[in-house]
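# Residue-level structure breakdown
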Amino acid sequence: MMTLEQAHQVVQIYAEQFGAVWSDRTVIDRGGYWFFGVGYVGSCGVIVDKTDGRLSVMGSALSLDDCFWGHEHGFSPDLVRLRINKVNDQGRTIELLLHLVTDGPPRQRNPSLKRAWLADRLRALPCEFGPDRLWLSIPAFREALQQRWFEFDVLEPREELGQVRQ
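Residues numbered from 1 in each chain as written. Predicted model: local features only at pLDDT ≥ 70, side-chain atom pairs only at ≥ 80, totals over all residues. Heavy atoms only, no water.

This brings us to the overall build of the protein. When helices and strands are tallied, the protein shows five helices and seven strands. Reported as C-alpha extents along the three principal axes, the dimensions of the protein are approximately 50 × 30 × 30 Å. Within the protein, the proportion of its 166 residues that are buried is 42%. By sequence separation, contacts in the protein at least 24 residues apart represent 56% of the contacts at least 6 residues apart. When the accessible area of the protein is evaluated, it comes to approximately 9,300 Å², of which 50% is carbon and sulfur surface. (Helix = DSSP H or I, 4+ residues; strand = E, 2+ residues; numbered from the N terminus. Buried < 20%, exposed > 50% of the residue type's maximum accessible area, 1.4 Å probe, protein only. Contact = heavy atoms within 4.5 Å. Areas by Shrake-Rupley, 256 points an atom, 1.4 Å probe, with all protein chains shown as cover.)

In structure tokens, the structure reads:
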């Protein structure tokens, strides 16, 4: 378990290596991680996980609330896999996935064909997509959960089936 002092050292090294600037010395404790207001143009700050000291750079396109929610739900600015476990509203699920999922047969650039491919994939659950960068889609995933369109897990690309990042 990392201490706040150790996390601060990790952030200081990051800031020195990448020329990041402290915009705010306030540290936000979110239970499993700390948020530090240090970054550069295009970054609102960094998160340091308490368990392993992993530093994640947050972009500036999302609100802090969305950044925190995304981090807490396994999203990362890096590549992740999406596992769909249950679908309650197939139409809305397909429309969301249509623009997010980049895998599939190469000829599925046609939206109608890709919708059919997605519908076929969603017939056998759970099904997985990715790896893709889904970070900027966090608001859409929040809405999908709130509206109960579908249930999902976000996994790191190297994780085996059944090992969800907490």
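The amide bond that connects Leu125 to the next residue, Pro126, takes the cis arrangement and shows omega of 0°. By the element assignment, Pro126 lies in the loop between helix H4 (111-121) and strand S6 (127-132). Of note, the amide linkage connecting Gly130 to Pro131 takes the cis form, showing an omega dihedral of 15°. Position of Pro131 relative to the elements: it lies in strand S6. Non-glycine residue Arg148 carries a positive phi angle of around 60°.

Turning to the nonpolar core, a few remarks are in order. With 33 residues, the main nonpolar core has Phe75, Ile84, Phe129, Phe141 and Phe152 as its most contacted residues. Of all the elements, helix H3 (residues 90-100) adds the most residues to this core, at five residues. Sequence-distant contacts of Phe152, that is, excluding residues within four places in its chain, are made with Trp69, Phe75, Leu82, Arg83, Ile84, Asn85, Phe141 and Leu145. Listed in part, the twelve residues of the second largest apolar core include Met2, Trp34, Phe36 and Val48. (Core = buried A, V, L, I, M, F, W, Y, C linked by side-chain atoms within 4.5 Å.)

In this section: the pattern of salt bridges. In total, this model carries twelve salt bridges according to the counting rule given. Measuring nitrogen to oxygen at the nearest pair gives 2.9 Å for the salt bridge that ties Arg142 to Asp65. On the criterion of sequence distance, the pair formed by Arg142 in helix H5 (residues 138-147) and Asp65 in helix H2 (residues 64-72) is long-range, its members being 77 residues apart. Residue classification places Asp65 among the partly exposed positions, given a relative accessible area of 45%. Bridged by salt links that share partners, the residues Arg81, Arg83, Glu128 and Asp153 form one connected network. (Salt bridge = Lys/Arg side-chain N within 4 Å of Asp/Glu carboxyl O.)

Turning our attention to the packing of H2 against H5. How two helices pack is summed up by the angle between their axes together with the distance between the axes. Put simply, H2 and H5 touch, their axes get as near as 10 Å, and they point 70° apart. Looking at the two axes, H2 sits roughly perpendicular to H5. The interaxial crossing formed by H2 with H5 has left-handed handedness. Along its contact with H2, which presents Asp65, Asp66, Trp69 and Gly70, the element H5 presents Ile138, Pro139, Phe141, Arg142 and Leu145. Grouping the constituent residues of the contact of H2 with H5 by class yields five nonpolar, one polar and three charged. (Axes fitted to C-alpha atoms, helices over the stretch in contact; angles between N-to-C directions. Parallel < 35°, antiparallel > 145°, perpendicular 65-115°, else oblique. Left-handed = near helix turned anticlockwise from the far one by under 90°. Nonpolar A, V, L, I, M, F, W, Y, C, P; charged D, E, K, R; others polar.)

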